[in-house]
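If you want the building blocks of each chain, they are given just below.
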Amino acid sequence: MTRRWLPYPILSALLLLIWLLLNQSIAPGTLLLGALLGIALAKVFGLLRPPKARVRNYPLLGLLFLRVVLDIVRSNIAVARLVLRRDSRTHSGFVAVPLALTDRYGLAVLACIITSTPGTIWVSYDPSANVLLIHVLDLVDEAAWIDTIKRRYERPLLEIFQ
Amino acid sequence: MSHLDALPPWAAILVAVFVMLGALFAFVGSLGLLRLKNFYQRVHAPTLGTTLGTFFMLAGSITCFSVLHGRPIFYEILIGVFLTLTTPITLMLLVRAALYRDREEGSADVPQATLRE
């Protein structure tokens, strides 16, 4: 019964939370409409037949989040400095990172991390070879970047999703 | 905007600092669009605006309206959440389109496609 009406309880709860935040009220009517929306939209989402996501390690997810926030702040300052530097020639380039991560949700999170961090962008991902191509704005040491991505982000993501 | 007069000085200063910092990061990001040399470099710059730029703007907004209304107002956080979730999609589309064109033109600056992609 619960599975039939609430196939994605976390998604429904998040939708309800967003609805309450947008309306800025917890009046019974808003709660009811939000709950209905949460259940209905989660059922629509189910029609897409998404592969099952399993988060194995919630504390690590929080830790990764904090690490990413810190990295975003740091690279904001680094990129700002790069832009404001008088001599605007920077050495940038592509880096191919061989990945061990294959879980789709893990890859999606990795894409958000890499793109949200100024200075690196996700360019393309080759699922057959499992190689990720990124572009780095301030490329000094290719091996160091591969190591950073694998150690700082991929290892926790492997533990969380795979 | 006369109700902004009701903002106590400490809050006004805090909000001003937040908004100026946000504007600064957004500006530097836009400046990067102008100053950096090629497409792949330029696409990095606007992320300043979508990360710290947005963060400080939202912090300013949250502080301002929470103080004015005397209760915590933080639905601006949603803007940050949606921006973080959607920027990668636009950026990836742009970068992949550029990469596709450069590869078609046989540019030496971009890595060639692997066999099956």
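Please read these numbers as outputs of a predicted model, since none were measured by experiment. (Residues numbered from 1 in each chain as written. Chains lettered and ligands numbered in written order. Predicted model: local features only at pLDDT ≥ 70, side-chain atom pairs only at ≥ 80, totals over all residues. Heavy atoms only, no water.)

(A) Here's a closer look at the overall build of chain A. Along its length, chain A carries 6 helices and 3 strands. Its C-alpha atoms give chain A a radius of gyration of 20 Å, clearly above 15 Å, the size a compact globule of 162 residues would have. Projected onto its principal axes, the C-alpha coordinates of chain A cover approximately 60 × 35 × 25 Å. Counting the 162 residues in chain A, one finds 39% classified as buried. (Helix = DSSP H or I, 4+ residues; strand = E, 2+ residues; numbered from the N terminus. Rg over C-alpha atoms; globule rule 2.2 N^0.38 Å. Buried < 20%, exposed > 50% of the residue type's maximum accessible area, 1.4 Å probe, protein only.)

(B) Representation of the environment of Q112(B). Residue and element names in this part refer to chain B. With respect to the element layout, Q112 can be found in the segment after α4 (77-104). Under the relative-accessibility criterion, Q112 is labelled partly exposed at 48%. Here the alpha-carbon distance between Q112 and Y100, two residues 12 residues apart in the chain, equals 9.7 Å. Look past the residues within four positions of Q112 in its chain and what remains in contact with it is R103 and S107. (Contact = heavy atoms within 4.5 Å.)

(C) Molecular detail of the pattern of salt bridges. Residues and elements named next belong to chain A. Under the definition given, this model contains 4 salt bridges over all chains. Notably, a salt bridge pairs D71 with R74, separated by 2.8 Å at the nearest N-O pair. You can see D71 and its partner R74 sitting in helix α4 (residues 58-84), 3 residues apart, about one turn around the helix. On the accessibility criterion, R74 (49% relative accessible area) is partly exposed. The residue R151 makes a salt bridge to D147 at a minimum N-O spacing of 3.2 Å. Here R151 and its partner D147 are both found in helix α6 (residues 142-161), 4 residues apart, which amounts to about one turn of the helix. Its relative accessible area of 39% is what places D147 among the partly exposed residues. Connected through shared salt-bridge partners, D71, R74 and R152 make up one network. (Salt bridge = Lys/Arg side-chain N within 4 Å of Asp/Glu carboxyl O.)

(D) Highlighting the sheet that holds strand β1 (residues 93-98) of chain A. Taken together, 3 strands build an open sheet; the order of strands is β1-β3-β2 (chain A) and the sheet is antiparallel. Bordering the open sheet on either side are β1 and β2 (120-126) of chain A, each of which pairs with just one other strand. Mean inter-strand twist for the sheet, computed between neighbouring axes without regard to direction, equals 25°. Inspection of the sheet shows β1(A) paired to strand β3 (residues 131-136) of chain A by 6 bridges, in the antiparallel sense. Across the sheet, residue A96(A) finds its bridge partner in β3(A), namely L133(A). In the packing of α4(B) onto the sheet, the strands contacted are β1, β2 and β3 of chain A, and the crossing angle to β2(A) comes to about 65°. (Pairing = 2+ DSSP bridges. Axes fitted to C-alpha atoms, helices over the stretch in contact; angles between N-to-C directions.)

(E) Local environment of the UniProt feature "transmembrane region" (unreviewed entry) in chain B. Residue and element names in this part refer to chain B. As recorded in UniProt, the sites labelled "transmembrane region" (unreviewed entry) are residues 12-36, 48-68 and 74-95. The span residues 12-36 shows a helical share of 96% and a strand share of 0%, and its end C-alpha atoms are spaced 35 Å apart. Helix makes up 100% of residues 48-68 and strand makes up 0%, while its end C-alpha atoms are separated by 29 Å. (UniProt positions renumbered as here; feature names shortened; annotations may be inferred.)

(F) Structural view of the UniProt feature "transmembrane region" (unreviewed entry) in chain A. All names here are of chain A. Here the UniProt-annotated "transmembrane region" (unreviewed entry) positions come out as residues 6-22 and 29-48. Secondary structure content for residues 6-22 is 82% helix and 0% strand, and the end C-alpha separation is 22 Å. Between the C-alpha atoms that bound residues 29-48 there is a distance of 29 Å. The span itself is 95% helix and 0% strand.

(G) Inspection of the pairing of β3(A) at higher detail. Residues and elements named next belong to chain A. Counting buried positions along β3 yields 5 of 6 residues, so the element is predominantly enclosed. Of the strand pairs in this sheet, β2 and β3 are connected by 6 bridges, and their pairing is antiparallel. Bridge pairing links D126 to V131 in β3. Hairpin connection of β2 to β3: 4 residues between the antiparallel strands, including N130 at a positive phi of 60°.

(H) Just the interface of chain B and chain A, in detail. Contacts between chain B and chain A engage 36 residues on the former and 35 residues on the latter. By the criterion of area lost to chain A, the three top residues of chain B are R35(B), H44(B) and L78(B), representing 19% of everything that side buries. Scanning the region where chain B abuts chain A turns up 0 salt bridges. For the side of chain B that touches chain A, the leading source of residues is α4(B), giving 11 residues. Residues of the side of chain B that touches chain A, tallied by class, amount to 21 nonpolar, 7 polar and 8 charged. (Buried area = accessible area lost by both parts, 1.4 Å probe. Nonpolar A, V, L, I, M, F, W, Y, C, P; charged D, E, K, R; others polar.)

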